Amino acid sequence: MKITFPVLSLVLFTLFFSALVSGQSLEQLQALRNQAQQKSATTGGDSSASTVSPMDLSTDITLPSMSSGTNSVGRYYSQPRQGMSLPGEPTIESVYPSTPQMAAPPYASNLFIGGFESERASGLNEDYLIAPGDKISIWMWGAVNYSGVATVDNQGNIFIPNIGPIHLANAPASSVNSIVQQRIRQVYTDVNIYINLLTSTPVSVFISGPVIRPGQYAGQASDSILYYLRRAGGIDFHRGSFRIIEIKRAGESIQTIDLYQFARHGRLPEHQFKDGDVILVHPIGNTVTVTSGAKNSFTFEFLTEELSGGLLNEFAIPNNAVNHVAISGLRDGEQFAKYLTTKQFESTYLKAGDIVAYSEDHEQNIYKINIAGSFAGQSKFMVEKGTRIHQLLDYIAVNPQTSDADNIYLLRKSVALKQAEIIEESLQRLERSIYTAPISSSGEGAIRVQEAQLVSDFIARAREVEPLGKVIISEDGKLANVLLEHDDTIFIPSATDLVHVGGEVLLPQSVVFNNEADIEDYLAWAGGFTQRADSERILVIKKNGNVKIASLDEGFWFKGESDSTIEAGDQVVVLPSIEVKSLQAIKDITQIIYQIAVAANVALD
């Protein structure tokens, strides 16, 4: 039996339509037509063998995104973009005006830290109110067998065959079981019933006002307002109010929320959201900024009637030792500032924009005194203001055999700061002289460049030295009865039989004291001078902190003096020589080296 033309045309049309649906090319369509003609010639007229099923066609052509394992539909992702911006899409940086950094963040701003909006409850809330679209599983067995899933319709009802509609809209989830069972038992008395709320329907809520990303967001009806605000990026710190957040439904305000109540007392009103509800964040109100001295140093938002120092104290919680408050701001367009006691501040009326700083402004009547060196007993004493050192020494235990109480000296922070200022002034003067010195030739200029680099390195190292702040109070066994300052350190040297030799000597070391030896002997026992030593500038640092200058040669700075008395516990420091073309630079560097050696017992080269 031969295939008639209409049959062949139908086969070809079927193949063409199947290929078109499957996305095949024209070349594939031609190949299928030839294949069909060949089969019709070889089947001997069997029309049943000549048909081509669309299921036999290859459908390997797919979009790459569909086989990549990502959540997508065709070319478009079906999952949230997690804040990723598309090319040309507006970003937060492009739509918000640039604002200066706040002196203190808003109070309660930490409510929007972290990703708590992704921490959802694993089960349904018992207080959830049933809404259209919710699904409820119903099982009945016994006299009647029935199982099914009922969906709450737009009228708020579910429908069960032979039972009829049951109204559940706005019923709490915890009461669904009893409501449905009660209605079923009105019809079937001898039946077992199991009711379960399967899913709750998400709602769509609009968020507007000064938030980071206003718009429409989906969530559960029982989700808190914090969840929705966090989904919108949180409240704009510069423009949005934490005190007045309105929930609107059908254009009418149904609730106003104050996040301060939640931050302070944990009170957050319950609210069941519905589709189309609007969360409106109002503009920020009167603000007062606390910059320091309080446990809560934030920017606070107050209503006009709340602007008082007493209420600010309740929010800011000043530190325990605070006794004064500084207020600055504007009054009638003019600058305003006051410094009040905490009691006066409580009754002070504040204005929007005020800046408040709490301070601990107590007169210091108790000083802490440190003890260092060779002593026995406690290392710190608390003394009254006006105490002198002789009064305190009676309470410091020392061992006469190991301590040298005749050479006590002080380490004072105020003196160390002053020494650092003097050294810094000298370093700045040296920088000016080395970089502004006149040059007479190109050869001298090249030398000056190298010297400038060396001097710069010297200055950098000199700035790293920390002065000790020594105060010499003992001389020839006599101790000056000086007033003590807060955080003074009384240093009691150890009794020793050694003399320390350092600086520009070949073998810096400690040598046993010899009554018959002079400074030349100790230098010789230390190996003598290095090539960079300056025999005209030798420092002898006494045990009491005093510094004497000795010289072995008569030179530019000193007359020869080799008979300097050396005692046990002294330090001999040989300073380096200075090789600089500029005479002024030589003087400056020499002065700085002396200042550092005296202030910090360091021979800087």
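The shown structure was predicted, so the numbers you read here are calculated from the model rather than taken from an experiment.

What counts and what doesn't
Residues numbered from 1 in each chain as written. Predicted model: local features only at pLDDT ≥ 70, side-chain atom pairs only at ≥ 80, totals over all residues. Heavy atoms only, no water. Buried < 20%, exposed > 50% of the residue type's maximum accessible area, 1.4 Å probe, protein only. Helix = DSSP H or I, 4+ residues; strand = E, 2+ residues; numbered from the N terminus. Contact = heavy atoms within 4.5 Å. Pairing = 2+ DSSP bridges. Axes fitted to C-alpha atoms, helices over the stretch in contact; angles between N-to-C directions. pLDDT = per-residue confidence, 0-100. Salt bridge = Lys/Arg side-chain N within 4 Å of Asp/Glu carboxyl O. Phe/Tyr/Trp six-rings, centres within 6.5 Å; stacked < 30°, edge-to-face > 60°. Lys NZ or Arg CZ within 6 Å of the ring centre and 35° of its normal.

Attention shifts here to helix H7 (residues 309-316). Of all eight residues that make up H7, six are buried, and the element is covered over most of its length. Within H7 the residues assigned to the buried category are Gly 309, Leu 311, Leu 312, Asn 313, Phe 315 and Ala 316.

Among the structural elements, Thr 348 can be located in the loop between helix H8 (342-346) and strand S17 (355-359). Counting along the chain gives 21 residues from Thr 348 to Ile 327, while the straight-line C-alpha distance between them is 10.0 Å. Apart from residues lying up to four places away in sequence, Thr 348 is in contact with Leu 307, Ser 308, Gly 309, Ile 327 and Leu 340.

The next point concerns the sheet that holds strand S19 (residues 380-384). Judged by pairing direction, the sheet is mixed, and its five strands sit side by side in the order S19-S18-S24-S20-S21 without closing on themselves. The open sheet has two edge strands with one neighbour each: S19 and strand S21 (470-472). Taken pair by pair, the neighbouring strands of this sheet meet at an average axis angle of 30°, ignoring direction.

Let us look at the confidence of the model for the protein. For the protein, the average pLDDT comes to 80, and 76% of its residues sit at 70 or higher. Below a pLDDT of 50 lies the segment residues 555-563, which in the model reaches 27 contacts outside its immediate sequence neighbourhood of four places, other chains included.

Considering all chains together, one arrives at 18 salt bridges under this definition. The salt bridge involving Glu 314 is made with Arg 264; its shortest N-O contact spans 4.0 Å. A residue pair is termed long-range when its members are at least 10 positions apart, and Glu 314 in helix H7 and Arg 264 in helix H6 (residues 259-265) qualify at 50 residues. Given the relative accessible area of 48%, Glu 314 is considered partly exposed. Here Arg 532 ties to Glu 504 by a salt bridge, and the two come within 3.4 Å at their closest N and O atoms. Separated by 28 residues along the polypeptide, Arg 532 in the loop between helix H12 (519-525) and strand S27 (533-541) and Glu 504 in the loop between strand S25 (498-503) and strand S26 (509-512) bring together distant segments of the chain. Counted as one network, the salt bridges with shared partners bring together Arg 243, Asp 258 and Glu 306.

Let's shift gears to the pairing of strand S9 (residues 215-219). Judged from the five bridges that link them, strand S8 (residues 203-208) and S9 form a sheet pairing that is antiparallel. Residue pairing in the sheet places Val 203 in a bridge with Gly 219 of S9. In sequence, S8 turns back onto S9 through a hairpin of six residues, with Gly 209 there showing a positive phi of about 95°.

Another aspect to go through is the packing of aromatic side chains. Considering all chains together, one arrives at 16 aromatic pairs under this definition. Measuring from ring centre to ring centre gives 5.4 Å for Phe 302 and Phe 315, while their planes differ by 75°; the resulting arrangement is edge-to-face. Of this pair, Phe 302 sits in strand S14 (residues 299-302) while Phe 315 sits in helix H7, and the two are 13 residues apart along the sequence. For Phe 302, a relative accessible area of 2% puts it in the buried group. Given a relative accessible area of 5%, Phe 315 falls into the buried group. Sitting above the plane of the Phe 336 ring, Arg 331 keeps its charged end 4.2 Å from the centroid. Between the NZ or CZ atom of Lys 470 and the centre of the ring of Tyr 409, over which it lies, the distance is 5.0 Å.

Glycine aside, negative phi is the norm for most residues, and most peptide bonds take the trans geometry. Non-glycine residue Asn 170 carries a positive phi angle of around 70°. Structurally, the position occupied by Asn 170 is in the loop between strand S6 (164-167) and helix H4 (176-185). A relative accessible area of 46% means that Asn 170 is categorised as partly exposed. Located in the positive-phi region is Ala 250, a residue other than glycine, with phi close to 55°. Here Ala 250 lies in the loop between strand S10 (240-249) and strand S11 (252-257). Classification of Ala 250 by relative accessible area gives exposed; the value is 77%.

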